[in-house]
Each structure stands twice: as structure tokens, then as C-alpha cells.
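# Structural overview
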Amino acid sequence: MSWLQRLYQTYELASKNEEIQAQDHALMPYYHVNQNIQIIATINNKGDFVRAEICREDSGKVKSKYLAIPATNDSANRTSGAVAHPLSDKLQYVAKDFYSYSDNKKDVYPLYEEVLSTWCHSEYAHPKAQAVLNYIQKGTLVKDLLNANVLIADPEDNNKLACPAQAGDYPDSILSSLNKNKGVFDQGAAFVAWQVINSELGSQAKPSQAETWKDDSLFESWQQFYATLDSIDGFCYITGQNRPLASKHPNRILRSATNAKLISANDMDSFTFLGRFTDNKASIKAHGLQGANISAVVTEKAHAALSWLLTRQGREEAGQAVVAWAISGEETLQPTEPLNKSATFDVVKNAEQSEQMLFESDDIDEFENMDSEDDEDSEQEIAVTDKEAPLPFKHSNNLGHLFATHLNNTMQGYRQKLDAHDQISIITLEAATPGRMAVTYYHESMPNDYIDALESWHRQFAWYFTYADPESGERKLTLKAPTPKQISQVAYGARLSDALKKQVVSQVLPCIVEGEARQFPWQLVDLSIKRACNPLALDNWEWEQAISVACALYRGYYLRQSESKKRSYTVALQTDYTSRDYLYGRLLAVAEDIESLALFIAGEKRNTTAQRYMQQFANRPFTTWRNIELALKPYENRLKSNRGGYLANKQDLMDQIMSLFNVADFTNDAALSGEFLLGYHSQKMQIKLDKQQAKKNREDEKYLENTDTTA
């Protein structure tokens with residue numbers, strides 16, 4: 001029950017916060033539901049028709065509006081149509097003359113008139129509701145809407161509404177916002193919302209004064225009236241007080257399963273809870289439900305708060321929803337979403353400066369966007385040892401420190417938005433069937449603990465990733481942790497089932513929000529490594545994502561092990577690390593870089609030998625490396641004539657790596673662990689960053705030369 005209590009508290013605090021209520025996603029009043037509205041009818045306070053219009057976008061295109069309307073527990077959950085909403089409803093309910101204009105066998109208008117009349121004749125009656133009642137009792141709504149060109153008459157009988165089979169027969173009409181029913185468009189299914197203006201002001205009244213879906217006094221009037229209809233008093237498990245108990249609980253929480261309920265108890269024969277509760281019809285009517293004694297107002301407010309939180313800041317996919325929230329209602333960093341743009345850490349400019357550098361490469365792996373002259377110059381420049389020449393970029397000197405500092409500053413910004421004593425709750429909901437859903441995960445923590453857990457995740461599972469800059473569209477290099485969505489795509493493929501998506505979120509979410517106390521599941525690490533080792537089965541972007549995710553998970557997995565099993569890997573290249581698997585990965589990256597340049601010069605676009613042999617290399621590194629070396633010879637010969645400086649650099653680098661091997665380790669043909677991917681990708685990124693830094697140095701030198709010449 002704690003999640004219900006927290007949601008109830010959130011509603012109470014958020015509803016009193018003017019800043020929150022002024023936002024686009026305002027907290028919806030309880031005893032109300034959101035509904036797609038197609039028609040807005042305007043009347044005056046005396047119950048006279050003024051005008052009507054079809055709901056449209058600002059551009060003029062016909063489109064329903066999603067508005068809050070009063071509802072009863074029965075109407076909010078109706079399936080059979082035997083109950084009506086109290087104010088706004090479908091045309092067939094609110095129009096007294098609809099029955100005469102249609103071929104419907106059942107007239108449902110009396111249902112609507114009854115509930116609205118009961119409200120209007122109570123002590124909680126509202127002038128706008130009374131104006132609507134006065135108007136609809138005249139029985140002219142369909143006629144007025146036809147005259148206003150909102151509805152469409154049957155071309156063969158003007159006393160009937162058209163039921164066309166094609167919306168295209170009536171372009172720019174209300175049919176564009178309706179769904180087909182039994183092969184035709186039924187205009188009686190159009191929802192009508194009301195505007196009530198002062199008769200003295202007429203058509204000059206301000207819409208904000210007339211719209212019933214924005215009138216707080218109308219909301220309160222309905223809430224006070226409907227609360228009196230729950231006559232069963234009992235002990236509320238949330239408030240600890242005797243209050244009118246809820247007989248039914250709201251739905252419409254998930255967009256993908258609008259009829260799914262979190263709380264549902266309609267078993268009158270004690271079959272579901274046999275032996276646990278002794279409910280029967282008589283006891284329920286007298287005292288409420290034994291297993292779900294929650295007051296009507298509390299459940300309405302809690303569900304309204306949950307729906308609002310999911311809409312404003314939650315994530316919902318495949319019938320699963322995840323949201324983290326502060327009890328105060330302040331927006332909170334979400335655990336399953338990537339850090340926002342301001343928190344993105346782009347790899348730094350050089351080892352001496354802490355300013356950010358956004359790399360301008362369109363593709364982090366390919367040479368298509370680097371001309372041959374740039375490539376040759378950059379490698380020759382790196383080979384220079386003169387003190388006056390620019391040195392190669394060694395980002396390992398400060399990359400970890402700068403990333404940690406940036407991440408800490410980012411998280412500190414989130415800490416300052418939350419009160420130290422505020423409560424953070426994280427909830428996961430899943431809809432098992434169209435009518436039932438459950439809380440599959442719930443966790444509470446204090447703000448500092450929550451931010452610490454997120455910081456731990458983003459620090460320990462950080463790795464190189466590429467992303468598309470939203471302004472320029474260019475591919476840029478950053479350091480970040482993978483999201484559950486990326487992990488699921490890498491582990492099980494881009495076309496994985498909804499069940500697998502939800503399973504991965506359920507496995508990863510506790511590792512994010514509970515910090516180092518949770519070990520990451522090895523199964524996901526292993527699946528990601530196997531996928532990253534098979535580049536031929538993936539598109540280039542998929543392979544790049546697979547390598548990044550696999551490295552991030554492998555690194556984070558071992559950082560969260562006990563001290564005896566813990567391994568500390570850095571994102572930057574570890575040139576002094578002599579592990580067999582890591583060194584073999586570095587060798588593979590250098591071999592791939594050499595062949596990539598040779599293929600680029602020849603104008604060939606195909607996978608390198610290193611890529612084609614990668615899976616075999618992971619299983620039998622010593623045997624496969626010999627094959628890769630032999631296949632590399634023709635490409636090295638091709639580069640000797642026009643890329644001598646580059647080739648010498650790479651051959652020296654390869655010799656340096658080979659010298660770090662223990663002979664017995666090098667000749668060992670046992671399968672490599674996922675550690676070789678870390679060596680491979682770190683070496684690959686170091687080569688790329690060196691080239692980018694050399695290019696940046698040349699541009700700076702040219703700029704200084706031009707400046708001196710101009711001066």
C-alpha cells in the first residue's frame with residue numbers, strides 16, 4: 001500500500017503547487033477522465049444554443065482534443081454503454097433528438113439526463129451544468145449541429161444522419177476524427193464538450209471563462225456531489241481514518257491498455273481469494289471490501305497522480321511503464337532515459353585543457369569523410385618528435401577525471417532541485433491482460449541515495465558512444481552509460497519481442513536505482529559480447545552500438561564485483577595493461593586500421609579481414625591472428641609507396657603491443673573473454689582521436705599563419 005500512499009501525498013502537494021498546475025501537463029482533477037473530444041458546443045447561461053465547431057489543430061486540420069471531463073466510476077469503466085458520463089459524452093447520449101435522426105434501436109439519452117439532473121438538483125449544483133441541462137432538455141442538439149455544418153445529413157433523407165463508409169466522401173469533416181464501427185462512420189460516437197458563456201456577453205465572451213474543462217469551480221462541484229454517492233463508510237488503509245470507501249477503482253492509467261486496472265475486486269463468491277477473505281455481497285454492501293479498503297477520494301487522487309506522472313515524465317512501451325517521481329511533484333531524473341543534452345560528456349579537446357570538443361566526423365569508423373591528404377598528414381605529424389611539433393593527443397591522461405567531474409556537476413544540479421528530505425519513488429507497471437495490470441517493481445529512497453545510485457550507474461557503465469547532434473545531424477563521440485532499451489536491442493536483436501523488452505527493463509532497472517548493491521546479470525553481458533563479435537550479421541550502426549554496449553556492460557559488471565573479483569578498467573586506452581585478452585584486442589584494432597586505409601585509397605568498400613575474422617579470432621586468437629597477419633601483407637605493400645609515415649607508425653605500434661605479451665600467453669589459443677573488446681575499442685578510439693587532434697592542430701596553425709599574415 002506504500003505506493004498508493006506516496007501517490008496520494010504527491011497529488012495533495014502537486015495540486016497546491018501553482019507552478020506545476022501552470023505547466024502543459026497539469027494534474028487532472030479526480031473523479032474526471034481524459035477523453036478525445038470531437039465537437040465543442042457553445043451555449044449561454046440560459047440554455048440557448050450559440051454556436052458549435054469541430055475540434056481542429058492550430059493549422060486547421062480536423063483533430064480530436066484530449067480534455068478532462070467529469071465521470072463516475074461506472075462511466076469511466078463502461079464497456080456495455082449502459083451508463084452515461086454526467087456532463088460531456090457521445091452525441092447519442094447528450095442529444096435528445098438523436099434517436100429520431102438515426103436507426104439506433106436503443107435510446108440512451110435518458111441515462112445521460114438522469115445523471116445530469118441528479119447533479120443539478122443537489123446542493124452541489126453548478127450554474128454551467130444547469131445551463132447544459134436546460135439546453136439538452138429542449139431536444140434540438142442534432143438539429144442545431146446540422147445547421148452549424150458540424151454534422152452531416154443523409155443526402156437522400158435530410159431527417160437522418162449520414163453513415164458513410166468512406167471519410168473521403170466528406171473531406172475536412174468530422175468523419176476525419178472518428179473511427180469506423182461495423183464498416184461505417186457513426187456520427188453518434190462523436191464526443192461533445194460544452195462551453196457556457198454569459199448571455200450578456202454573447203459571442204464576445206473569452207473562451208477561458210466559458211470552457212467547462214478548465215473551470216475549477218465546476219470540477220469541485222462534481223467532486224463534492226459524487227463523493228456523497230459513496231454511502232459505505234469504513235476504515236481506509238491509506239489515511240487510517242473512517243471514510244466513504246471506493247467500490248470501484250479507476251483505469252485509464254496506461255495509454256497502451258486504457259482498460260487495465262491496478263485494483264480490481266469483483267469476485268462476490270470468494271473464489272479468487274478462497275480462504276483469505278470472507279467477503280460476500282451483504283458484507284461488502286455494509287462494510288466494504290476486506291482486501292482493498294481504500295477511501296474513494298484517496299484512490300481517485302492516487303490514480304490521477306499516477307496517470308499525470310506517467311504522462312509528464314514516465315516511459316511507457318509494450319504495456320510496461322516506468323516512472324520515478326518526487327513526492328513534492330518536482331520533475332526527477334528518470335532511470336531508464338539517457339542523460340539530457342546538458343549532461344552529455346563529449347570527449348575533451350586535449351590533455352591540458354578541460355574544454356569540450358565535439359568531433360566532426362560523420363562516421364566514427366569509416367574513412368569516407370577523411371581525404372587521403374588529411375590522413376597522411378595527420379599520421380606524419382604524429383610521428384614527428386621535434387619539441388616544436390604538436391604531440392599526439394593522449395586523452396588517457398585526463399579523460400577519466402574530466403568525465404567524473406562533469407558527471408558530478410551534472411548530478412549536483414539534480415540534487416539542488418530536490419529537497420534533501422523529499423521522497424523518491426520508482427514504480428514499474430505491466431499490463432498482463434487488457435483489463436488487469438500489476439506493480440512489478442517498487443523502490444523508495446531519499447534524494448541523495450537516488451542520485452548517488454544513478455551517478456554510480458553512469459560512472460561505472462560509461463563507455464564510448466556515438467550520437468547524432470540534433471542541430472547539425474553530425475555523428476559525434478561521447479561518453480555515457482547505455483539505456484535499458486539499447487541493452488535489450490544488443491542482447492536480443494532490434495526485432496526482439498515485447499516480452500523480452502520488458503524482461504530486460506525488469507533486470508536492469510534495479511541495477512540502476514539501487515546502486516552498487518545490485519549485481520548486473522551476467523547473461524546480458526554474455527549475450528552482448530557474442531553479438532558484438534559478429535559484425536557481419538549486423539548493419540554498421542548496429543555493430544557500433546553492440547561494441548559500445550558490450551564494453552560498457554563488461555566494464556560495469558566487474559566494477560561491481562567483490563574486492564577479490566573486482567577489475568578496474570578505464571575507458572581510455574590502458575597502454576600499460578598487459579592482459580593477454582586486452583593486448584589481442586589492441587592488435588586487432590591496429591590491423592583493422594591499416595587495412596581500412598588501404599581499402600579507402602583503392603576505393604573499395606567492404607569489410608576488413610579483421611572484421612570478417614572477428615568471431616573466429618575471439619574463439620582461437622593465436623591461430624586466427626596468423627591468418628590476419630598474412631592477409632595484411634598486400635595492404636601494407638600498397639601503403640609503402642604513398643603512406644609510408646602512416647605505415648611505419650602503425651607497425652611500430654604493433655611491435656610495441658607485441659612486446660608486452662608473455663610468450664606463453666601469446667601462443668595460448670584458448671578463447672578470449674569480453675576483455676578483448678575493451679582493448680579493441682579503446683585502441684580504435686585512440687587512433688581516431690589522435691587523427692582528429694592532429695587535424696585540429698593543423699587547422700589552428702593555419703589560422704595563426706593567416707592571422708600573422710593579415711596583421
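Residues numbered from 1 in each chain as written. Predicted model: local features only at pLDDT ≥ 70, side-chain atom pairs only at ≥ 80, totals over all residues. Heavy atoms only, no water.

## Things to note about the pattern of salt bridges
In the structure shown here, the tally under the stated rule is 25 salt bridges. Measuring nitrogen to oxygen at the nearest pair gives 2.6 Å for the salt bridge that ties Asp-452 to Arg-415. Pair noted here: Asp-452 is in helix H15 (residues 447–460) and Arg-415 is in helix H14 (residues 399–417), with a separation of 37 residues, a long-range link. Residue Arg-415 is classed as buried on the basis of its relative accessible area of 16%. Note that Glu-592 and Lys-684 form a salt bridge whose closest N and O atoms lie 3.6 Å from each other. Highlighted residues: Glu-592 in helix H20 (residues 580–602) and Lys-684 in helix H26 (residues 675–710), separated in sequence by 92 residues. A single burial state applies to Glu-592 and to Lys-684, both of which are buried. The network of salt bridges with shared partners includes Arg-315, Glu-317, Asp-498 and Lys-501. (Salt bridge = Lys/Arg side-chain N within 4 Å of Asp/Glu carboxyl O. Helix = DSSP H or I, 4+ residues; strand = E, 2+ residues; numbered from the N terminus. Buried < 20%, exposed > 50% of the residue type's maximum accessible area, 1.4 Å probe, protein only.)

## What about the pairing of strand E7 (residues 157–161)?
Regular strands have side chains that alternate between both faces of the sheet. Summarising the sheet, strand E6 (residues 153–154) and E7 pair through two bridges and their orientation is antiparallel. Within E7, the position partnered with Ala-153 by the bridge is Leu-161. The turn joining E6 and E7, which pair antiparallel and follow one another in sequence, is formed by two residues. (Pairing = 2+ DSSP bridges.)

## A look at the sheet that holds strand E2 (residues 39–44)
Adjacent strands of a sheet pair through backbone hydrogen bonds, lying either parallel or antiparallel. Ordered by their spatial adjacency, four strands build an open sheet running E3-E2-E10-E5, and the pairing between neighbours is mixed. Pairing within the sheet leaves two strands with one partner each, and these edge strands are strand E3 (49–54) and strand E5 (89–90). As paired elements, E2 and strand E10 (residues 191–197) share six bridges and run parallel to each other. Bridge pairing in E10 links Asn-44 to Ile-197. Along the sheet, helix H7 (residues 127–136) makes contact with E2, E3 and E10, crossing E10 at roughly 115°. (Contact = heavy atoms within 4.5 Å. Axes fitted to C-alpha atoms, helices over the stretch in contact; angles between N-to-C directions.)

## Some remarks on unusual backbone geometry
Positive phi is not limited to glycine here, since Tyr-31 has a value of about 60°. By the element assignment, Tyr-31 lies in the loop between helix H2 (18–21) and strand E1 (32–37). With relative accessibility at 3%, the residue Tyr-31 sits in the buried group.

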